[in-house]
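# Fold and geometry: a report
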Amino acid sequence: MAKRVNYIVNAPLGRLNVRESPNLKAKILTTLETGAKVRIDPGADTPEGWKAVEDGGFVMADFLK
């Protein structure tokens with residue numbers, strides 16, 4: 001079964017940070033609004049709990065549905 005690549009942002013505070021690396025202390029590149037569609041790179045090697053955004057950067061998986 002192919003990995004899912006399309007997600008919707010579900011951030012409780014209304015925005016999800018896109019970070020330079022999969023770390024909470026990494027530089028914030030941009031933010032995504034709750035309800036925004038985001039494409040994830042299913043082939044990226046990321047630590048558990050993180051997803052690589054297809055256009056660059058990383059987001060916490062807990063805030064995607």
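Scoring rules and cut-offs
Residues numbered from 1 in each chain as written. Predicted model: local features only at pLDDT ≥ 70, side-chain atom pairs only at ≥ 80, totals over all residues. Heavy atoms only, no water. Helix = DSSP H or I, 4+ residues; strand = E, 2+ residues; numbered from the N terminus. Rg over C-alpha atoms; globule rule 2.2 N^0.38 Å. Buried < 20%, exposed > 50% of the residue type's maximum accessible area, 1.4 Å probe, protein only. Lys, Arg positive; Asp, Glu negative; His and termini not counted. Salt bridge = Lys/Arg side-chain N within 4 Å of Asp/Glu carboxyl O. Contact = heavy atoms within 4.5 Å. Core = buried A, V, L, I, M, F, W, Y, C linked by side-chain atoms within 4.5 Å.

## Quick word on the overall build of the protein chain
Helix and strand counts for the protein chain come out as zero helices and six strands. If you list the helices and strands of the protein chain from N to C, you get β-β-β-β-β-β. Here the C-alpha atoms of the protein chain give a radius of gyration of 11 Å, agreeing with the 11 Å that 2.2 N^0.38 yields for 65 residues. Summarising its shape, the C-alpha atoms of the protein chain cover approximately 35 × 25 × 20 Å along the three principal directions.

## Focus: the side chain of Arg19
Relative to the helices and strands, Arg19 is located in strand 2 (residues 15-19). With no salt bridge to any partner, buried Arg19 finds its closest opposite charge in Glu20, at an N-O distance of 9.3 Å. Contacts of Arg19, omitting those with residues within four sequence positions, involve Leu24, Lys25, Ala26, Lys27, Ile28, Leu29, Trp50, Gly57 and Phe58.

## Re the environment of Arg4
Mapped onto the elements of the fold, Arg4 is located in the segment before strand 1 (6-8). Each C-alpha atom of the pair Arg4 and Arg39 lies 9.0 Å from the other, and the pair is 35 residues apart in sequence.

## With respect to the nonpolar core
Of all hydrophobic cores here, the largest spans 11 residues; its members are Tyr7, Val9, Ala11, Leu16, Val18, Leu32, Val38, Ile40, Val53, Val59 and Leu64. Leave out the neighbours within four places in its chain, and Leu64 touches Tyr7, Ile8, Val9, Leu16, Val38, Ile40, Lys51 and Val59.

## Some details on the pattern of salt bridges
Under the counting rule described, the total for this entry stands at two salt bridges. With a shortest N-O distance of 3.2 Å, Glu33 and Arg15 are connected by a salt bridge. Taken together, the positions of Glu33 in strand 3 (residues 28-33) and Arg15 in strand 2 put the pair 18 residues apart, joining distant regions of the chain. A residue is classified by how much of its surface remains accessible, and Arg15, at 53% relative accessible area, is exposed. In this structure, Glu54 and Arg39 form a salt bridge, with 2.9 Å as the shortest nitrogen-oxygen distance.

Treat this as a map of the structure, not an account of what it does.
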